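# Observations on the model geometry
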Amino acid sequence: EVRGLAFEGWGNTLSTGVDCEAGWYCEKGSYNRYGDLCTRHHFCPNATYLPIPCPTGQWQPNSGSVSCTDCPAGWFCNEADIGISRREPPAAEEYPKPCEVGYYCPAGTLEQVECPPGTYGNRSRLASEDDCVACPPGYFCDGGVIVNMCRPGTFCTGGQGPDYALELSYYLDITDSQRPQYQYPVNSSGICILGTYCPEGSHAPIPCPPGYIGTGS
């Protein structure tokens, strides 16, 4: 292991070197235990030869630090983004990276996490899964975004994922389906049944007008 040593004064030998102070680093040939200040997004314990990059999921916005801390919620920290240069860390606006739209990032995140199916991200820097928003009625969501309207002949009350078409199990008899005041459960989907019609993007079956009859899906 290479130690960060400084050789202060005159007439030094290898055995007379002193440890570099914590928060600083001392490369070969340093003549002062306060060699160079530890750079941002790195940490320098006692006797550091070169600044050590913060571990993945952590960061350090301040120079001269002896440890790192968890990446803040809404951001993600990947050690690879720090780069190999210990003297020129990434600019403050480049690291850590903000969680993108469609993702969320709890504190200490290595990689941003996609909002689950049936939800989407309506802004950047979401901090938890709870910040993801339920897909709006008449649409289905996947990959953290609103994908498309629910297909003709079906209805979606909100919160539907890409597999909603496989879960169309909500049926009502003709009497219920013709009640305008009927409230369909949230996060449900179904096939438009006899006596109703459902154009693309429907959030509930629409009763056929007087004199007409729907054939269902």
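Residues numbered from 1 in each chain as written. Predicted model: local features only at pLDDT ≥ 70, side-chain atom pairs only at ≥ 80, totals over all residues. Heavy atoms only, no water.

Below, the discussion takes up the overall build of the protein chain. Helices and strands together make up the secondary structure of the protein chain, namely one helix and 20 strands. Expressed as a percentage of the 217 residues in the protein chain, the buried residues total 36%. Sequence separation of 24 or more characterises 41% of the internal contacts of the protein chain that already satisfy a separation of 6 or more. (Helix = DSSP H or I, 4+ residues; strand = E, 2+ residues; numbered from the N terminus. Buried < 20%, exposed > 50% of the residue type's maximum accessible area, 1.4 Å probe, protein only. Contact = heavy atoms within 4.5 Å.)

On to the state of the cysteines. As enumerated under the stated definition, the model contains eight disulfides in all. The partner cysteine of C115 in its disulfide is C132, sulfur to sulfur 2.1 Å. Since a negative S-S torsion denotes a left-handed disulfide, the C115-C132 link at about -80 degrees is left-handed. Taken together, the positions of C115 in the loop between strand 12 (113-114) and strand 13 (119-120) and C132 in the loop between strand 13 and strand 14 (133-134) put the pair 17 residues apart, joining distant regions of the chain. Taking the relative accessible area as the measure of exposure, C115 reaches 1% and is therefore buried. Classification of C132 by relative accessible area gives buried; the value is 11%. (Disulfide = S-S within 2.5 Å.)

The subject of this paragraph is the pairing of strand 15 (residues 139-142). Sheet topology note: the strand 15/strand 16 (residues 145-149) ladder contains four bridges and is antiparallel. The partner of F140 across the bridge, within strand 16, is N148. The hairpin turn running from strand 15 into strand 16, its antiparallel successor, is two residues long, and G143 in that turn takes a positive phi close to 65 degrees. (Pairing = 2+ DSSP bridges.)

The predicted coordinates of low-pLDDT regions are not to be read in fine detail. Overall, the predicted model of the protein chain reaches an average pLDDT of 80, with 74% of residues at or above 70. Looking at the elements of the protein chain, mean pLDDT is at its lowest for helix 1 (residues 174-177), recorded as 45, and at its highest for strand 11 (residues 103-104), recorded as 97. When the criterion is pLDDT under 50, residues 168-182 qualifies, and its contacts beyond four places in sequence or with other chains add up to 30 contacts. (pLDDT = per-residue confidence, 0-100.)

Let's shift gears to the side chain of Q60. With respect to the helices, strands and loops of the structure, Q60 is situated in the loop between strand 7 (58-59) and strand 8 (69-70). Engagement of the side chain of Q60 in a polar contact is seen with the backbone oxygen of S67, the distance being 2.9 Å. Setting aside residues up to four positions removed in sequence, Q60 forms contacts with R40, H41, H42, C54, S65, S67 and C68. (Polar contact = N/O pair within 3.5 Å; in protein donor to acceptor, adjacent residues only side chain to side chain.)

Inspection of the entire model under this criterion finds one aromatic pair. A ring pair is formed by W24 and Y34, whose centres lie 5.5 Å apart and whose planes are at 85 degrees; its orientation type is edge-to-face. Within this pair, whereas W24 is found in strand 3 (residues 24-25), its partner Y34 is found in the loop between strand 3 and strand 4 (36-37), the two being separated by 10 residues in sequence. A residue is classified by how much of its surface remains accessible, and W24, at 27% relative accessible area, is partly exposed. (Phe/Tyr/Trp six-rings, centres within 6.5 Å; stacked < 30°, edge-to-face > 60°.)

Positive phi outside glycine occurs at H41, with the angle close to 65 degrees. Within the secondary structure, H41 sits in the loop between strand 4 and strand 5 (42-43). With a phi angle near 65 degrees, A47 is a residue other than glycine that sits in the positive phi range. Relative to the helices and strands, A47 resides in the loop between strand 5 and strand 6 (52-53).

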